[in-house]
Amino acid sequence: MSSSFTQFQQNVQRQSREQKAVGSLLSGVAAILIGGIVLVGTLALVGGWVLWGQINDQSRTVAQLDAKVSGDITNLQNSLRETVAIVEKLAAQNQAQFQAQKQQVTTLQHQVDDIKSQFRKEKAANQTALQNLQRRVFELERR
């Protein structure tokens, strides 16, 4: 019995050591898993914090861009109003100038028509005078 009891004790001690080794191994694996989870959680927190900062920076940037675009649009609208006012003023001036020139052309056309009419009358008078002179010359030559 004593040998079997000794073997039994050795078996118990060996199993105890194996169980301690397996327990240590499992504790190490558990510690590594917990460490990995903590590391992933920490990285996720850091990533979230970085993204939160970038989103806030982007929000500020978008707000600044909106303000700049709004200012530019306001400036362009003001410039457009000024340009429209200038164009309307120039159009009115051009219209007045056009009317004056049209009146001047009409007056000149009437003058040309009057001169043509006067020229025709003078031409007819000169033609008549020429014919009279030719008759007189002809009569004088006949005598």
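None of these values were measured; they are calculated from a predicted model. (Residues numbered from 1 in each chain as written. Predicted model: local features only at pLDDT ≥ 70, side-chain atom pairs only at ≥ 80, totals over all residues. Heavy atoms only, no water.)

1. A look at the overall build of the protein
Within the protein, the secondary structure is distributed over one helix and zero strands. Its C-alpha atoms give the protein a radius of gyration of 59 Å, clearly above 15 Å, the size a compact globule of 143 residues would have. The C-alpha extent of the protein, read off along each of the three principal axes, is 200 × 35 × 10 Å. In the protein, buried positions account for 0% of the 143 residues. Surface accessibility of the protein: about 13,100 Å² in total, with carbon and sulfur atoms responsible for 62%. In the protein, the 16 positive side-chain charges and the 11 negative ones have mean positions that sit 4 Å from each other. (Helix = DSSP H or I, 4+ residues; strand = E, 2+ residues; numbered from the N terminus. Rg over C-alpha atoms; globule rule 2.2 N^0.38 Å. Buried < 20%, exposed > 50% of the residue type's maximum accessible area, 1.4 Å probe, protein only. Areas by Shrake-Rupley, 256 points an atom, 1.4 Å probe, with all protein chains shown as cover. Lys, Arg positive; Asp, Glu negative; His and termini not counted. Charge placed at Lys NZ, Arg CZ, Asp CG, Glu CD.)

2. Some thoughts on the pattern of salt bridges
Tallied over the full model, the rule gives three salt bridges. Salt-bridge contacts for R14 lead to E18; the nearest nitrogen and oxygen are separated by 3.2 Å. Pair noted here: R14 and E18 are both in helix α1 (residues 2-142), with a separation of four residues, about one helical turn. Residue class for R14 comes out partly exposed when judged on its relative accessible area of 35%. (Salt bridge = Lys/Arg side-chain N within 4 Å of Asp/Glu carboxyl O.)

3. A few points about the environment of V84
Structurally, V84 can be placed in helix α1. On the basis of relative accessibility, which here comes to 38%, the residue V84 falls in the partly exposed class. Once the C-alpha coordinates of V84 and K123 are considered, the two residues, 39 residues apart in sequence, prove to be 56 Å apart.

4. Things to note about a nonpolar patch on the surface
On the surface, V46, W49, V50 and W52 cluster together into a nonpolar patch covering about 480 Å² of accessible area. Along the polypeptide, V46 turns up in helix α1. On the basis of relative accessibility, which here comes to 44%, the residue V46 falls in the partly exposed class. (Patch = residues over 30% accessible without salt bridge, like charges linked within 9 Å, V, L, I, M, F, W, Y side chains within 5 Å.)

5. A short note on the environment of L45
For L45, the position within the fold is in helix α1. Residues L45 and L130, 85 residues apart in the sequence, show an inter-C-alpha distance of 120 Å.

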